[in-house]
Each structure stands twice: as structure tokens, then as C-alpha cells.
Amino acid sequence: YWFDADSGTSHYWAQCGSGRLPPFLAAAASFDPVPRARFAGSSAMGFYAAAPEHSLAAPELAALPAASPRASAGHLDLHLRSVRGAPEALVVFPRSAQVRQVEMAAPTGPVLAQLHPLRNGATLLDVVGLPAAGIDFSIETAGSLPLTVQVFDQSYDSEAHALEQVRPSNTTRSRDGDVTVVHRSVTLVPAAGH
């Protein structure tokens, strides 16, 4: 189940390992006949169908005042939080951001985070085990600011009750299983003091 907080719309997204939509799912909602990417630049393909709207709190990503002595025009200190308490969040930086490095705050000091390149040249940061209070991190970018990024939070439950009810008892969840994703766009502007 996917809620787009920018547009206020919801959809189901079914990823099928076979590349074909099982008949029980095809009969449960009006899925598009051709799979599409999970989000722009993603290599994961799945089938879309309109879903009932459940307005869910969107994740937050905000610029913080400079905390690093290396602060520069291409450095941003950020705070990421899932308002609804989802344990995973993804941030997609556009190709134009040219994100070179991400450092996550940790009790022992900053830790370099792994970035994943996407097919469209964007860069993905996947934060698993997101604390309820959120997490601070910094980015180094060669792109210009302000910068618009895509933020997703993901919980391992589902608002897709209509689809769950039609699933045969002999089916098995795979990959992430049933998840709820909330998505929003955030424009990052350097905070005062940057």
C-alpha cells in the first residue's frame, strides 16, 4: 500500500517474481496490465492499482544548523524521522544533487553510509532500523541548493486489507512482504547559520 502525501492519492503496488499478476490479485483491483517501476529510477517493477485513501503522516526531512566544522556550500546537516514510527526510510537525491558522501550520526562518531545509484542517475540512501526519534546525517553535494528530494518511510504492515483478504492460504509473502509506504517531496534549504 502506497500513500503519496504530495498528491493525497493512494495505490497498491504488487511486485511479482514471475512478472505476471496472479489471477486472485488481478480480480481484486483494477491493476495496470504492464508493470512499472516502484518509483522513478528504481529497478523494481510491479503492477499498480488505485487504492482507497488512508491519510497517513508523511516522513520528515529537515535541514539543521551547521554542526560540522567542514560546513560549506555543498554540506548539509539533516534530520530524518518517520512521524508514524516506520522502521525504514529511503531518501532519493536527484542526479543534479551529485551527492558524493553521506555520514550518519552514531554514538561513536560519524559513519559513512552506503549509497545506491539508481538507473536514472539519482542516488538512494536506505536507512534500516530508523529510531523513533529519527536520525541525524550529513551530505556532501556538488549540486546547487535548494535541493528537492524524495522521502519514503516503510512499515512492515499493510493498509491493503482488500488484497490480503483474497490471498489464498497457500501463498507465501516474499521480499519485504506486505508493507505500507508513505512518500513525499521535500525541498532542502540550508538552515540559518549555514
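Quick caveat: nothing in here was measured; it's all calculated off a predicted structure. (Residues numbered from 1 in each chain as written. Predicted model: local features only at pLDDT ≥ 70, side-chain atom pairs only at ≥ 80, totals over all residues. Heavy atoms only, no water.)

Peer 1: Report on the side chain of T141, specifying residues and quantitative values.
Peer 2: By the secondary structure assignment, T141 is in strand β12 (residues 135–141). On the accessibility criterion, T141 (4% relative accessible area) is buried. A distance of 3.0 Å separates a polar side-chain atom of T141 from the backbone nitrogen of G143. Those residues in contact with T141 that lie beyond four places of it in its chain are G74, A97, Q98, V99 and R100. (Helix = DSSP H or I, 4+ residues; strand = E, 2+ residues; numbered from the N terminus. Buried < 20%, exposed > 50% of the residue type's maximum accessible area, 1.4 Å probe, protein only. Polar contact = N/O pair within 3.5 Å; in protein donor to acceptor, adjacent residues only side chain to side chain. Contact = heavy atoms within 4.5 Å.)

Peer 1: Which residues make up the sheet that holds strand β5 (residues 60–64), and what values go with them?
Peer 2: In spatial order, the strands read β5-β6-β12-β8-β9; together these 5 strands make up an open sheet with antiparallel pairing. The open sheet terminates on both sides in strands that have one partner only, identified here as β5 and β9 (111–112). Pairing analysis gives 5 bridges linking strand β8 (residues 99–104) to β12, with the strands arranged antiparallel. Looking at β12, one finds that V99 is bridged to T141. (Pairing = 2+ DSSP bridges.)

Peer 1: How would you explain unusual backbone geometry if you had to name every residue and give the values?
Peer 2: Although it is not a glycine, Q98 sits at a positive phi angle of roughly 50 degrees. As for its placement among the helices and strands, Q98 is situated in the loop between β7 (88–93) and β8. Q98 sits in the partly exposed class, given a relative accessible area of 46%.

Peer 1: Tell me about the sheet that holds strand β11 (residues 123–128), and please be specific about residues and values.
Peer 2: Pairing within the open sheet is mixed, and its 9 strands lie in the order β3-β4-β2-β1-β14-β13-β7-β11-β10. If you trace the sheet from one side to the other, it starts and ends with β3 (36–37) and β10 (115–117), each paired once. Bridging between β7 and β11 involves 6 bridges; their strand directions are antiparallel. Following the sheet pairing, E88 is matched in β11 by V128.

Peer 1: How would you summarise the nonpolar core if you had to cite specific residues and measurements?
Peer 2: In this structure, L61, L80, F93, F137, I139 and V149 are the most contacted members of the largest nonpolar core, which totals 23 residues. Of all elements in the fold, only β5, β6 (75–81), β7, β8, β11, β12, β13 (147–155) and β14 (180–188) reach the threshold of two or more residues within this core. For L61, the residues in contact, after removing those within four places along its chain, are L78, H79, L80, V91, F137, V149, V151, V186 and L188. F3, A29, F47 and A51 belong to the second largest nonpolar core, which has 14 residues in total. (Core = buried A, V, L, I, M, F, W, Y, C linked by side-chain atoms within 4.5 Å.)

Peer 1: Before we move on, could you go through the pairing of β11 and cite the residues and values that matter?
Peer 2: Note: β10 against β11, 3 bridges, orientation antiparallel. Residue pairing for β11: P117 is matched across the bridge by T123. The turn linking β10 back onto β11 is made up of 5 residues, and G121 within it adopts a positive phi angle of 90 degrees.

Peer 1: Talk me through the confidence of the model for the protein chain; I want residue IDs and the actual numbers.
Peer 2: In this model, the protein chain carries an average pLDDT of 86, and 84% of its residues clear a pLDDT of 70 or more. The spread of mean pLDDT over the elements of the protein chain runs between helix α2 (residues 161–166), the lowest at 57, and β7, the highest at 97. (pLDDT = per-residue confidence, 0-100.)

Peer 1: How would you summarise the environment of L115 if you had to cite specific residues and measurements?
Peer 2: Summarising the element assignment, L115 is placed in strand β10. Classification of L115 by relative accessible area gives partly exposed; the value is 22%. A C-alpha to C-alpha distance of 5.3 Å links L115 and L125, two positions 10 residues apart in sequence. Residues within four places of L115 in sequence aside, it is in contact with V99, R100, Q101, V102, T123, L124 and L125.

Peer 1: Explain the packing of aromatic side chains to me, and be specific about the residues and the numbers.
Peer 2: What the rule picks out here adds up to 3 aromatic pairs. Between Y1 and Y12, the ring centres sit 6.3 Å apart and the planes meet at 65 degrees, which makes this aromatic pair edge-to-face. In this pair, Y1 sits in the segment before β1 (2–4) while Y12 sits in strand β2 (residues 9–14), placing the two residues 11 residues apart along the sequence. Across the pair, Y12 and Y1 agree in class, each one buried. When the ring of F39 is compared with that of F152, the centres are 5.0 Å apart and the planes differ by 35 degrees; the resulting orientation is tilted. Of the two residues, F39 sits in the loop between β3 and β4 (45–50) while F152 sits in strand β13, which places them 113 residues apart along the sequence. Pair check on accessibility: F39 and F152 agree, each one buried. Three or more aromatic residues joined by ring pairs form one cluster here, namely W2, F39 and F152. Lying across the ring of Y48, R36 places its NZ or CZ 3.9 Å from the centre. (Phe/Tyr/Trp six-rings, centres within 6.5 Å; stacked < 30°, edge-to-face > 60°. Lys NZ or Arg CZ within 6 Å of the ring centre and 35° of its normal.)

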